[in-house]
Amino acid sequence: MPKRENSEQTKQRIIETATQMFKERDWDWDNVKIEDVVAELGVTRGAFYHHFKSREELVMEVVGRIFTENDPFKQACETSGLNGLEKLKVALKHSIAQSQDIYLQKSVKAAISDPVVFKGEVMHTLLEAHIHGVRLTEEGNRDGSLRVAYPKQATQAVVLLFNLWLNPVISNVPYEEYVQKVEFLRYLTNILGVPMIDDETVELILQLHKSI
């Protein structure tokens, strides 16, 4: 048992060190090598490959860690006194507030230019980022605040559209067109039975676009 715990600790230290190095090097994903990470930690390349098949696998772990630590749905799940729909609205507002963080903006911009990193972000969105959102959607179905026929699929689609298609860091379009995208997404979420975009949220999204 202790050996397994030490092994897991080593893996987490590798991820934490790599994340810090990426941050310090302004999210230049090509500027952090395996030898940099192992040298910083004082471990061997063999120890690295015991936990990760490649540098690309480590990068995807780092991307997943960044978004997991900033999961707005998880924060909303811990909010008491609200129904499912209200929690989804809170989660969306949390997400918009987080998007104002320069640290996250830089990581997203860097991800766009690197296919491996971008794949990691997309896969995290599809496989993990929606999990707590599905719980909130199902909670809304149970408490009557929502009527969603396909909770998992609807939540996946909405999260993917918000994180990528509507992300102002990625969606570099004129303001007038961006307004249309926001209104379309509000229309679409209403059809899906997830009316989480109210007037206040629209204003917050548009303010974020202007600031970026």
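Quick note: structure is the one above.
Since the model is a prediction, treat every value here as computed from it, not as a measurement. (Residues numbered from 1 in each chain as written. Predicted model: local features only at pLDDT ≥ 70, side-chain atom pairs only at ≥ 80, totals over all residues. Heavy atoms only, no water.)

Undergrad: How do you make sense of the overall build of the chain when you look at a structure like this?
TA: Regarding its fold elements, the chain presents twelve helices and zero strands. Shown N-terminal to C-terminal, the secondary structure of the chain runs as helices and strands in the order α-α-α-α-α-α-α-α-α-α-α-α. Counting every position in the chain, which comprises 212 residues, the buried fraction comes to 42%. Residue pairs at least 24 apart in sequence account for 65% of intrachain contacts in the chain once pairs closer than 6 positions are excluded. As displayed, the chain offers around 11,500 Å² of accessible surface, 51% of which is attributable to carbon and sulfur atoms. (Helix = DSSP H or I, 4+ residues; strand = E, 2+ residues; numbered from the N terminus. Buried < 20%, exposed > 50% of the residue type's maximum accessible area, 1.4 Å probe, protein only. Contact = heavy atoms within 4.5 Å. Areas by Shrake-Rupley, 256 points an atom, 1.4 Å probe, with all protein chains shown as cover.)

Undergrad: Please clarify how the packing of helix 10 (residues 151-165) against helix 11 (residues 175-192) should be interpreted in this entry.
TA: The geometry of a pair of packed helices is captured by two quantities: the angle between their axes and the separation between those axes. Axis separation between helix 10 and helix 11 bottoms out at 11 Å; the angle between their running directions is 170°. In terms of axis orientation, helix 10 runs roughly antiparallel to helix 11. Together, Ala-154, Val-158, Leu-161, Phe-162 and Trp-165 of helix 10 and Lys-181, Phe-184, Leu-185, Leu-188, Thr-189 and Leu-192 of helix 11 make up the contact between the two elements. A breakdown of the residues in the contact of helix 10 with helix 11 according to their chemical character gives nine nonpolar, one polar and one charged. (Axes fitted to C-alpha atoms, helices over the stretch in contact; angles between N-to-C directions. Parallel < 35°, antiparallel > 145°, perpendicular 65-115°, else oblique. Nonpolar A, V, L, I, M, F, W, Y, C, P; charged D, E, K, R; others polar.)

Undergrad: What am I meant to see in a nonpolar patch on the surface here?
TA: Where nonpolar side chains cluster on the molecular surface, the patch consists of Trp-165, Phe-184, Tyr-187 and Ile-191 and spans about 430 Å² of accessible area. Ranked by the residues each element gives to the nonpolar patch, the list is headed by helix 11, at three residues. Structurally, the position occupied by Trp-165 is in helix 10. (Patch = residues over 30% accessible without salt bridge, like charges linked within 9 Å, V, L, I, M, F, W, Y side chains within 5 Å. Salt bridge = Lys/Arg side-chain N within 4 Å of Asp/Glu carboxyl O.)

Undergrad: How do you make sense of the nonpolar core when you look at a structure like this?
TA: The biggest cluster of nonpolar side chains holds 25 residues, and the ones touching the most others in it are Leu-88, Phe-162, Leu-166, Val-182, Met-196, Ile-197 and Ile-205. Contributing elements (two or more residues each) for this core: helix 5 (72-77), helix 6 (84-98), helix 10, helix 11 and helix 12 (199-211). The dominant element in this core, judged by the number of residues it contributes, is helix 6, at five residues. Contact partners of Val-182, with chain neighbours within four places excluded, come to Leu-166, Val-202, Ile-205 and Leu-206. Residues Trp-27, Val-38, Val-62 and Ile-66 belong to the second largest nonpolar core, which totals 19 residues. (Core = buried A, V, L, I, M, F, W, Y, C linked by side-chain atoms within 4.5 Å.)

Undergrad: Can you help me understand the packing of helix 9 (residues 131-143) against helix 10 in this one?
TA: Packing of helix 9 against helix 10 brings their axes to within 9 Å, and their N-to-C directions diverge by 130°. The orientation of helix 9 relative to helix 10 falls into the category oblique. Helix 9 and helix 10 meet at a crossing whose hand is right-handed. Residue-level contacts link Gly-133, Val-134, Thr-137, Glu-138 and Asn-141 of helix 9 to Pro-151, Lys-152 and Thr-155 of helix 10. Class assignment for the residues of the contact of helix 9 with helix 10 results in two nonpolar, four polar and two charged. (Left-handed = near helix turned anticlockwise from the far one by under 90°.)

Undergrad: I keep staring at helix 6 and nothing clicks. Help me out?
TA: The α-helix advances 3.6 residues per turn, and as a result positions three or four apart in sequence lie on the same side. Taking 1.5 Å as the rise per residue, helix 6 with 15 residues should run 21 Å; its terminal C-alpha atoms sit 21 Å apart, in good agreement. Looking at helix 6, one finds that the buried residues are Gly-84, Leu-85, Lys-87, Leu-88, Ala-91, Leu-92, Ile-96 and Gln-98. Put simply, Asn-83 is the residue that caps the front of helix 6, since its side-chain oxygen is 3.2 Å from the backbone nitrogen of Leu-85. (Expected span 1.5 Å × (residues − 1). Polar contact = N/O pair within 3.5 Å; in protein donor to acceptor, adjacent residues only side chain to side chain.)

Undergrad: Explain the pattern of salt bridges here, please?
TA: Opposite charge on two side chains allows them to pair when their charged atoms are near. One pass over the structure, following the stated rule, counts seven salt bridges. In this structure, Glu-35 and Arg-45 form a salt bridge, with 3.2 Å as the shortest nitrogen-oxygen distance. Here Glu-35, found in helix 2 (residues 34-41), pairs with Arg-45, found in helix 3 (residues 45-51); they are ten residues apart in sequence, far enough to count as distant. Here Arg-45 falls in the partly exposed class, since its relative accessible area comes to 38%. For Glu-183, the salt bridge goes to Arg-186, with nearest N and O atoms at 3.3 Å. Remark: Arg-186 and Glu-183 occur in helix 11; sequence separation between them is three residues, near one turn of the helix. Owing to a relative accessible area of 34%, Glu-183 belongs among the partly exposed residues under this scheme. Salt bridges here are not isolated pairs; linked through shared partners, they connect Glu-183, Arg-186 and Asp-199.

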